[in-house]
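Here's the letter readout for the chains.
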Amino acid sequence: MDEYSRFVDWDKMDVSAQSQDTKELTCTDLHELKQLARQGYWAKNHSLRAKVYHKLISNIPCRTVTPDANVYRDIVVKIIGKRNSSSLPLPEFVDNSLIPTYCLNSEGIGAVRKIILCIANQFPDISFCPALPSVIALLLHYSKDEAECFEQVCRILACNDPSKRLIDQTFLAFESSCMTFGDLVNKYCQAAHKLMVAVSEDVLEVYSDWQRWLFGELPMAYIARIFDVFLVEGYKVLYRVALALLKFFHKVRAGQPMESDSIQQDIRAFVRDIAKSVSPERLLEKAFAIRLFSRKEIQLLQMANEKALQQKGITVKQKSCLLIFQQNVHLAVHAENFKSEIVSVKEMRDIWSWIPERFALCQPLLLFTTLEHGCSLSRFYSHSEGHEPTLLLIKTTAKEVCGAYLSTDWSERRRGGNKLSFFGTGECFVFRLQPEVERYEWVIIKHPELASTGSETENHTQPASSTLSSSNVPSDPSDRLSPFLAARHFNLPSKTASMFMAGSSECIIVGGGDGQALYLDADLNHGRTSHCNTFNNQPLCSESFQISILEVWGFRD
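In this text, all values refer to a predicted model and were calculated from it rather than measured experimentally.

Enquirer: Explain the overall build of the chain to me, using residue names and the numbers behind them.
Expert: Looking only at helices and strands, the chain features 22 helices and 11 strands. Out of the 557 residues in the chain, the part that is buried amounts to 57%. Nonlocal contacts in the chain, meaning residues at least 24 apart in sequence, comprise 75% of its contacts between residues at least 6 apart. When the accessible surface of the chain is totalled, it reaches about 24000 Å², and 47% of it is carbon and sulfur.

See the structure below:
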């Protein structure tokens, strides 16, 4: 077919979808390249795609000494010799990953293993990289020979641009990406997340499969289209597509019985057979319809998750580390150690499934309860301060149960002096457990003196960088508990971008999404809620209520 056909089994390729029209790619503008990649400009021309891949990968900024094709030719004989590559054990860092054959011929299948072994020789710092076999197998379809494919993969691995993340190469980076994906699912795929919590004993184990869905289970036509965009736009594309896969899985399988005993296996099977329900174009369309956080904000969340893992001592894949790591939604809340007068263990586990993944590694710690400490707002503050984040639980005399996840230390309220001071981050949310379970996202406090609404809000919305002054941003960005503090995500003007929680000596206010807000008086006996009827949802609880019990919980390592 062309000079890039050496490793391709054309009987497996969908030749009917391939165009033989001669095309060239001359544009260098990044915005135009993004549009062409998303539209599949080079997807139906095998030779053009190969040339585009070569051009894009050649432009990746790399370490000064990056192995090239000549290095491969020098070392492959020494490493492989005359042995059959299929008989050689693969390095541990691929973690027994699937080695997709896609549309490779027998020579190509053998070449994948040879290239993996040579990369292991040249990159001793790689400790965990399960996506590597898939990337090599894919690029072999568009390489003239093994050496060229080796060089292209090496450039991807040796990228030294700190703003351009490509492939995870350590267990820490991989696991933090799984936690970040879990956070994104929690925010963007709530219906699917609810299903995962209901049918899985280990939700994070399900989400730890997200890269396998892309680099292993997806058919060739799909991963190639994703890779087209990935080379132009970077890692964020992978999150988008994985979220779209989960959305489609929930849509297609909603209300149907599980096909196996494992939701993990069901998702894998759905992704393998995705051609039965979703085209590559529809998958990408869905992925880019998700209004995802900015690349910078996702990077901050990833850093925060890495920091949480490091603090737990989880940096390499060891059984002892994994046992600690699996203290997630169900395991973190131990029935024998947990006692609340407001919620059951099961209800607390439901709440745990909503909180950011880095805190799901922790166990709940009771800080304050009106039954023991009395109904004093000053004591509420004194017991809660110094803890970040915290969980507020309320049971009313009408047996309603509601609460809030509060991302920021209550001591922040002092920044406003004696005035009611607003603070907090976009990870805050309010929820209801009784009479029905409901979580309210997109936190905003409707305060008439400070908040703008409607078109005025839109006209004043500014980028995240304008919402934070240098005086209140920690020097270490991973110390920021909310990478989501961006005005545009909440349709807030910059001056109200932090209006998620507030406290003074007279009251507490916690903003809730979908028009919900919770107000508590100083005596902690009475409270009220605001509910915007514009949203199609039930109120948090009674508009005015009496508090029976109030508890504040912290997070213990």
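What follows continues from the structure just given.
Enquirer: Could you give an account of the state of the cysteines, with specific residues and numbers?
Expert: In a disulfide, the sulfur atoms of two cysteines are covalently bonded to one another. Going through the model one piece at a time under the given rule, you end up with 0 disulfides. The closest cysteine sulfur to the non-disulfide-bonded C159 is located on C62, 6.3 Å from its own sulfur. Residue C159 is classed as buried on the basis of its relative accessible area of 18%.

Enquirer: Let's hear about the packing of aromatic side chains: which residues, and what values?
Expert: This model, assessed by the stated rule, comprises 26 aromatic pairs. The interplanar angle of 55° and the centroid separation of 5.0 Å between the aromatic rings of F128 and F174 together place this pair among those described as tilted. One end of the pair, F128, is in the loop between α4 (106-122) and α5 (132-140); the other, F174, is in helix α7 (residues 171-188), and 46 residues separate them in sequence. The ring of Y235 has R165 lying over it, and the distance from NZ or CZ to the ring centre is 4.2 Å.

Enquirer: Describe helix α13 (residues 263-272), listing the residues and the values that go with them.
Expert: Judged by how many residues are buried, α13 sits mostly within the fold: 8 of 10 residues are covered. Residues I263, Q264, D266, I267, R268, A269, F270 and V271 constitute the buried set of α13. In this structure, the buried residues of α13 make contact with α8 (190-199), α9 (203-207), α10 (210-217) and α12 (236-253). Of the residues flanking the start of α13, the one acting as N-cap is S262, its side-chain oxygen 3.2 Å from the backbone nitrogen of Q264.

Enquirer: Help me get a handle on the packing of α7 against helix α15 (residues 295-311), residues and values and all.
Expert: Put simply, α7 and α15 touch, their axes get as near as 8 Å, and they point 120° apart. The angle between the axes of α7 and α15 places the two elements in the oblique class. Considering the relative orientation of α7 and α15, their crossing is right-handed. From α7, L172, A173, E175, S176, S177, M179, T180 and D183 reach across to α15, where they touch I298, L301, Q302, N305, E306, L309 and Q310. When the residues that make up the contact of α7 with α15 are grouped by side-chain class, the tally is 6 nonpolar, 6 polar and 3 charged.

Procedures and definitions
Residues numbered from 1 in each chain as written. Predicted model: local features only at pLDDT ≥ 70, side-chain atom pairs only at ≥ 80, totals over all residues. Heavy atoms only, no water. Helix = DSSP H or I, 4+ residues; strand = E, 2+ residues; numbered from the N terminus. Buried < 20%, exposed > 50% of the residue type's maximum accessible area, 1.4 Å probe, protein only. Contact = heavy atoms within 4.5 Å. Areas by Shrake-Rupley, 256 points an atom, 1.4 Å probe, with all protein chains shown as cover. Disulfide = S-S within 2.5 Å. Phe/Tyr/Trp six-rings, centres within 6.5 Å; stacked < 30°, edge-to-face > 60°. Lys NZ or Arg CZ within 6 Å of the ring centre and 35° of its normal. Polar contact = N/O pair within 3.5 Å; in protein donor to acceptor, adjacent residues only side chain to side chain. Axes fitted to C-alpha atoms, helices over the stretch in contact; angles between N-to-C directions. Parallel < 35°, antiparallel > 145°, perpendicular 65-115°, else oblique. Left-handed = near helix turned anticlockwise from the far one by under 90°. Nonpolar A, V, L, I, M, F, W, Y, C, P; charged D, E, K, R; others polar.

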